[in-house]
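Now for the letters of each chain:
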Amino acid sequence: MTESTPRVNAPYLEQFSHQTVRILGKVRQLRGEQATIDAGGQIQVHLNRDAHLQLNHAVEIIGKVQNDLSVKVMASTDMGPEGNIDFNAVDAVVDATHRYNQIFYEKEQ
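Now for a quick tour of the structure. This one's a predicted model, so the numbers in the text were calculated from it and none came from an experiment. The numbers attached to residues start from 1 for each chain and follow its sequence in the written order. Per-residue local features of the predicted model are confined to residues with pLDDT of at least 70, and side-chain atom pairs are confined, for both listing and counting, to 80 or more; whole-chain, interface and lining totals are unaffected and use all residues. Hydrogens are left out, water is left out, and the side-chain values use all remaining heavy atoms of the structure.

## Things to note about the overall build of the protein chain
Helix numbering and strand numbering both begin at the N terminus, where a helix is a DSSP run of H or I of at least 4 residues and a strand a DSSP run of E of at least 2. Of regular secondary structure, the protein chain possesses 2 helices and 5 strands. Along the protein chain, from the amino end to the carboxyl end, the secondary structure elements read β-β-β-β-β-α-α. Within these notes, the globule rule equals 2.2 Å times the number of residues to the 0.38 power, and the radius of gyration is based on C-alpha atoms. For a compact globule of 109 residues, the expected C-alpha radius of gyration is about 13 Å, and the protein chain comes in at 13 Å, within 12% of that figure. Projecting the C-alpha coordinates of the protein chain onto the three principal axes gives extents of approximately 35 × 30 × 25 Å. A burial count over the protein chain gives 38% of its 109 residues as buried. If you sum the accessible surface of the protein chain, you get close to 6600 Å²; carbon and sulfur atoms cover 47% of it. A residue counts as positive if it is Lys or Arg and as negative if it is Asp or Glu; His and the chain ends are not included. A single reference atom marks each charge: NZ on Lys, CZ on Arg, CG on Asp, CD on Glu. Treating the 10 positive side-chain charges of the protein chain as one cloud and the 14 negative ones as another, the clouds have centres 1 Å apart. In this scheme, a residue with accessible area under 20% of its type's maximum is buried, one over 50% is exposed, and one in between is partly exposed, where area comes from a 1.4 Å probe on protein chains only. Using a 1.4 Å probe, accessible areas were evaluated by the Shrake-Rupley method; residue-level cover was limited to the displayed protein chains.

If you want it as structure tokens, here you go:
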């Protein structure tokens with residue numbers, strides 16, 4: 001069975017330390033091999049060589065949550081200008097993912 005990648009935003013990161021997650025956010029800052037995205041709060045991400053992010057674009061990141069709640073990127077997809085994404089709908093999907101987690105992922109005990 002493949003590893004699940006639950007959708008999260010900044011408020012949920014602490015619950016998923018050392019786990020692989022999926023985040024859809026807005027690129028706010030780029031600094032070499034690091035970036036800051038806004039996904040219900042600021043998240044620091046450590047980019048891989050394949051990540052080609054652009055400021056003010058939406059990005060979907062699959063990555064592993066680190067001890068400091070930053071995320072080490074494993075894969076990223078540029079979703080185009082952030083205005084093309086309804087982030088209220090994204091937040092609703094994230095909330096539903098955790099409200100009905102038995103459909104989407106198994107909680108660690």
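There's more to say after this.
## Side note on the side chain of Glu60
Mapped onto the fold, Glu60 is located in strand E4 (residues 57–65). The exposure class assigned to Glu60 is buried, which follows from its relative accessible area of 14%. By definition, residues are in contact when any of their heavy atoms lie within 4.5 Å. Beyond its immediate stretch of four places on either side in the chain, Glu60 contacts Arg7, Arg22, Ile23, Leu24, Ala75, Ser76, Thr77 and Met79.

## Side note on the nonpolar core
Grouped together as the largest cluster of nonpolar side chains are 23 residues, with contacts concentrated most on Ile23, Ile37, Ile43, Val45 and Val71. Listed by contribution, the elements that provide at least two residues to this core are strand E1 (20–31), strand E2 (34–38), strand E3 (42–46), E4 and strand E5 (71–81). If we ignore the near neighbours within four places in the chain, the residues touching Val45 are Glu33, Gln34, Ala35, Ile37, Ile61, Val71 and Val73. What makes a nonpolar core is a set of buried Ala, Val, Leu, Ile, Met, Phe, Trp, Tyr and Cys residues whose side-chain atoms join them at distances within 4.5 Å.

## Some points on the side chain of Thr20
Its place among the elements puts Thr20 in strand E1. Owing to a relative accessible area of 3%, Thr20 belongs among the buried residues under this scheme. Once you skip the residues sitting within four places of it in the chain, Thr20 turns out to touch Glu3, Ser4, Thr5, Pro6, Ile62, Gly63, Lys64 and Met74.

## Digging into unusual backbone geometry
Residue His18 is not a glycine yet carries a positive backbone phi of 65°. Here His18 lies in the segment before E1. Of note in the backbone geometry, Asn56 takes a positive phi value of approximately 65° without being a glycine. Looking at the secondary structure, you find Asn56 in the loop between E3 and E4.

## Considering a nonpolar patch on the surface
A cluster of nonpolar side chains, namely Tyr100, Ile103 and Phe104, defines an oily patch on the protein surface of about 340 Å² accessible area. Considering the arrangement of structural elements, one finds Phe104 in helix H2 (residues 101–104). The partly exposed category is assigned to Phe104, whose relative accessible area is 44%. To count toward a patch, a residue needs a relative accessible area over 30% and no salt bridge; like charges are then connected within 9 Å, while nonpolar side chains (Val, Leu, Ile, Met, Phe, Trp, Tyr) are connected within 5 Å. For salt bridges, the criterion is a side-chain nitrogen of Lys or Arg within 4 Å of an Asp or Glu carboxyl oxygen.

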